[in-house]
Amino acid sequence: MNKQHKERNFLYFIFFLALALRVGYYIFLKNTYLFFGHPSDDVAYYKSWAETIVFADSPSTNAFSGMPLFPYYLAVLFRICGGNWFTVNILNLILGSLNCVLIYLLAKKFTSNRAAVLASLLAATNFILIYYDWLMMPVTLLISLSLAILLALSDEGPTSFKEWTILGVFIGLAALGDGKFLIFAVLLCGYLCWSKRKNTLTKILQTLFPLILGLILILGGVTVRNKIVSSEWIFITSQSGLSFFVGNNQEASGAFENPQFIRPSHTGQDQDQKIFAEKVLGKKLAPSQVSNFYRQKAINFMVTHPLEYL
């Protein structure tokens, strides 16, 4: 048996080991967990959003109030599976199992075969990963996109206009699930400029332009969508101002803490942030104005208390 054949068999083993543990955990909870059919607020929020996308009689007239990637991912799977949520769960477990294979491939590129074997085994058997794959939260999909992006950047990285554009699209999609990917995009652009600093400006733009084009296709498309349905220019989500405020205020500790004036649920965040902002300003506010209210509160704190902010 040659080396390639052994590696292929090992990858099959990793995938089916990961899938067996994840399906086994699903069956165990289904038979023993009293609240199995009553998901948490976060899980119910994404599921409800996905069902709204599939069954809505007319297009939404609101800008996105949360990160849209995962509910649309669920909606696509839900449509493919004919409305069967059990099958959607299984497909998500399959994606989580494929992540273990991708981890092997990535570790092999950056380290060694031995490290890749260990990394993939740890990923397949890690309880936290198994738990989140079952939970049906954005974690599994974001890990998949992260691994795909890193694999695309490994070795020589993309070499053509098309490949750089596709990479930009992948980073843009990831940013629709977690805004922190935008920080990665900025750092990546900065690194590419630095690494190609000895090249001509034309050579640098041949890399940056398609990458940024891919980002714009996704992020710009969502922003235009928000403008069309709500008549407001809202970048990705109207929740961005509150999210920025939560991490940058006088009570912030570095971990997520729900503001005292907002109920600790997605419904509470969507409704109460508007109620509080309108009460403080004494007037009705559009979603973009609500977002700007919290963003400005955070900026005011950062400017007036710089040492405390740091």
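For the structure given in this document, a descriptive report is provided here. On a predicted model such as this, the values are computed, not experimentally measured, just so you know.

Here is what the cut-offs are and how they apply
Residues numbered from 1 in each chain as written. Predicted model: local features only at pLDDT ≥ 70, side-chain atom pairs only at ≥ 80, totals over all residues. Heavy atoms only, no water. Helix = DSSP H or I, 4+ residues; strand = E, 2+ residues; numbered from the N terminus. Buried < 20%, exposed > 50% of the residue type's maximum accessible area, 1.4 Å probe, protein only. Contact = heavy atoms within 4.5 Å. Areas by Shrake-Rupley, 256 points an atom, 1.4 Å probe, with all protein chains shown as cover. 1 Å grid on protein atoms, 1.4 Å probe; cavity = no way out; pocket = protein on both sides within 12 Å on 5 of 7 lines; lining within 4 Å. Points joined across faces, edges and corners; volume = space filled by probe spheres on them. Nonpolar A, V, L, I, M, F, W, Y, C, P; charged D, E, K, R; others polar. Expected span 1.5 Å × (residues − 1). Arc of directions from axis to C-beta. Salt bridge = Lys/Arg side-chain N within 4 Å of Asp/Glu carboxyl O. Patch = residues over 30% accessible without salt bridge, like charges linked within 9 Å, V, L, I, M, F, W, Y side chains within 5 Å. Phe/Tyr/Trp six-rings, centres within 6.5 Å; stacked < 30°, edge-to-face > 60°. Lys NZ or Arg CZ within 6 Å of the ring centre and 35° of its normal.

Another point: the overall build of the protein. Along the protein, the regular secondary structure elements total 14 helices and 0 strands. For the protein, the residues scored as buried account for 40% of the 310 residues in total. Counting only contacts in the protein whose residues sit at least 6 apart along the sequence, the fraction spanning at least 24 positions is 64%. Carbon together with sulfur atoms contributes 65% to the accessible area of the protein, which is approximately 17800 Å² in total.

Once that is clear, we can look at unusual backbone geometry. Residues other than glycine predominantly adopt negative phi, and peptide bonds predominantly adopt the trans conformation. For M136, which is not glycine, the phi dihedral falls at a positive 65 degrees. Tracing the sequence through the fold places M136 in the loop between α6 (127-135) and α7 (139-153). Positive phi values are uncommon outside glycine, yet I236 reaches one of about 65 degrees. Looking at where I236 falls in the secondary structure, it is placed in the loop between α10 (201-230) and α11 (240-247).

What follows concerns the layout of surface pockets. The volume enclosed by the largest pocket comes to roughly 1300 Å³. Along the walls of the largest pocket sit 42 residues, with M67, D178, G179, K180 and S243 positioned nearest its centre. Taken together, the elements giving at least two residues each to the lining of the largest pocket come down to α2 (41-55), α3 (69-80), α9 (181-195), α11 and α12 (266-281). If one sorts the elements of the lining of the largest pocket by residue count, α11 sits on top with 6 residues. Counted by class, the lining of the largest pocket contains 22 nonpolar, 16 polar and 4 charged residues. Approximately 680 Å³ is the volume attributed to the second largest pocket. Residue lining of the second largest pocket: 22 residues in total, with S60, N62, A63, F64 and S65 positioned closest to the centre. Of all the secondary structure elements, the ones that give two or more residues to the lining of the second largest pocket are α2, α10, α12 and α13 (287-304). When residues in the lining of the second largest pocket are grouped by element, the largest group, 5 residues, is from α2. Considering only residue class, the lining of the second largest pocket consists of 10 nonpolar, 9 polar and 3 charged.

What follows deals with α9. The end-to-end C-alpha separation of α9 is 21 Å, in line with the 21 Å expected for 15 residues at 1.5 Å each. When we look at burial in α9, the residues that qualify are F181, A185, L188, C189 and L192. One face of α9 carries all of its buried residues, which in axial projection span an arc of 100 degrees. Opposite its buried face, α9 presents the exposed residues I183, V186, L187 and W194, each directed more than 90 degrees away. Looking at the buried positions of α9, the neighbouring elements they touch are α7, α8 (161-175) and α10.

Moving on, we come to the pattern of salt bridges. For the structure shown, the criterion picks out 6 salt bridges. Put simply, K109 and D155 hold a salt bridge, and the shortest N to O gap is 2.7 Å. Within this pair, whereas K109 is found in helix α4 (residues 85-110), its partner D155 is found in the loop between α7 and α8, the two being separated by 46 residues in sequence. Residue class for K109 comes out partly exposed when judged on its relative accessible area of 40%. Overall, D155 belongs to the exposed group, its relative accessible area being 62%. As a salt-bridge pair, K180 and D178 come within 3.0 Å of each other at their nearest N and O atoms.

Judged by side-chain polarity, Y33, L34 and F35 come together as a nonpolar surface patch covering roughly 350 Å² of accessible area. You can see Y33 is positioned in the loop between α1 (3-32) and α2. Exposure remark for Y33: the relative accessible area of 39% places this residue in the partly exposed category.

Turning next to the packing of aromatic side chains. Going through the model one piece at a time under the given rule, you end up with 29 aromatic pairs. Between the aromatic rings of W49 and F64, the centroid separation amounts to 5.9 Å while the plane-to-plane angle is 50 degrees, which identifies the pairing as tilted. Placement of W49 in helix α2 and of F64 in the loop between α2 and α3 is noted, with a sequence separation of 15 residues between them. In this pair, the class of W49 matches that of F64, namely buried. For the pair Y191 and W194, a centre-to-centre distance of 6.3 Å together with 35 degrees between the ring planes defines the contact as tilted. Of this pair, Y191 and W194 both sit in helix α9, 3 residues apart, roughly one helical turn. Given a relative accessible area of 52%, W194 falls into the exposed group. An aromatic cluster is defined as three or more aromatic residues linked by ring pairs; in this entry it consists of Y25, Y26, F36, F86, F127, Y131, Y132 and W134. The residue whose ring lies beneath R197 is W194, and the NZ or CZ to ring-centre distance is 4.3 Å. The residue whose ring lies beneath R225 is F64, and the NZ or CZ to ring-centre distance is 3.9 Å.

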